[in-house]
Amino acid sequence: MDLIKSLFVSASGLKAQNGRMRIIAENIANASSTARTPDEDPYRRKIATFQSHFDKELGAKTVELGKVAEDTSDFKSTHMPGHPAADENGYVQQPNVNTLIETTDMREAQRSYEANLNVIESTRRMLQRTIDILRA
């Protein structure tokens, strides 16, 4: 039944967006972290990717969280001479995380998650109506 397929497809979207929100939350949590020594790199922003694949048993395409990529953009440098991770010039490398971008990404992931929830709720209502009609 196609209604059941839509439940499984939307559930795969929920799971993928949940993973994306987890990665974004990790980025935000580490936005202010620094390395412990001048030789180490600070936290590097992670980027969620998605993969779609055809589920033969279901007969539909579903989505899943793909490999987590690392953002290769440059780290920010801040002048903090007393910090343990400061270089010889007193600069400390900061993570390449922009909390404004992360917040925007989180909002988008949240909306996608909610859209999948709406599909599941609509499908559930249609299935319930179908059952009610068959009972009558």
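None of these values were measured; they are calculated from a predicted model.

The rules behind each value
- Residues numbered from 1 in each chain as written.
- Predicted model: local features only at pLDDT ≥ 70, side-chain atom pairs only at ≥ 80, totals over all residues.
- Heavy atoms only, no water.
- Helix = DSSP H or I, 4+ residues; strand = E, 2+ residues; numbered from the N terminus.
- Rg over C-alpha atoms; globule rule 2.2 N^0.38 Å.
- Buried < 20%, exposed > 50% of the residue type's maximum accessible area, 1.4 Å probe, protein only.
- Contact = heavy atoms within 4.5 Å.
- Areas by Shrake-Rupley, 256 points an atom, 1.4 Å probe, with all protein chains shown as cover.
- Lys, Arg positive; Asp, Glu negative; His and termini not counted.
- Charge placed at Lys NZ, Arg CZ, Asp CG, Glu CD.
- Expected span 1.5 Å × (residues − 1).
- Polar contact = N/O pair within 3.5 Å; in protein donor to acceptor, adjacent residues only side chain to side chain.
- Pairing = 2+ DSSP bridges.

Caption draft 1: A look at the overall build of the protein. Helix and strand counts for the protein come out as two helices and six strands. Counting helices and strands in the order they occur from the N terminus, the protein gives α-β-β-β-β-β-β-α. Computed over C-alpha atoms, the radius of gyration of the protein comes to 22 Å, more than 25% over the 14 Å expected from 2.2 N^0.38 for 136 residues, which places it beyond the range of a compact globule. By principal-axis analysis of the C-alpha atoms, the protein measures approximately 80 × 25 × 20 Å. In the protein, buried positions account for 27% of the 136 residues. A separation of at least 24 residues holds for 61% of the contacts in the protein among residues at least 6 apart in sequence. On the protein, roughly 9200 Å² of surface is accessible, and the fraction owed to carbon and sulfur atoms is 52%. Across the protein, the centroid of the 18 positively charged side chains sits 10 Å from that of the 19 negatively charged ones.

Caption draft 2: Quick look at helix α2 (residues 99-135). The first and last C-alpha atoms of α2 sit 53 Å apart over 37 residues, in line with the 54 Å expected at 1.5 Å per residue. When we look at burial in α2, the residues that qualify are E102, A109, N116, I120, T123 and L127. Turning to α2, the residues buried within the fold contact α1 (2-29). Sitting at the amino-terminal end of α2 is N98, which places a side-chain oxygen 2.9 Å from the backbone nitrogen of L100.

Caption draft 3: Representation of the pairing of strand β3 (residues 60-65) in the model. In this sheet, β3 lies alongside strand β2 (residues 50-55) in antiparallel orientation, the contact comprising six bridges. Bridging across to β3, Q51 finds its partner in E64. Remark: four residues form the turn of the hairpin made by β2 and β3, two consecutive strands paired antiparallel; G59 in that turn has positive phi of roughly 75°.

Caption draft 4: A look at the pairing of strand β6 (residues 91-94). With burial as the criterion, only one face of β6 is covered, namely that bearing V92 and Q94; the residues Y91 and Q93 on the opposite face remain uncovered. Judged from the four bridges that link them, strand β5 (residues 76-79) and β6 form a sheet pairing that is antiparallel. Directly across from S77, in β6, lies its bridge partner Q93.

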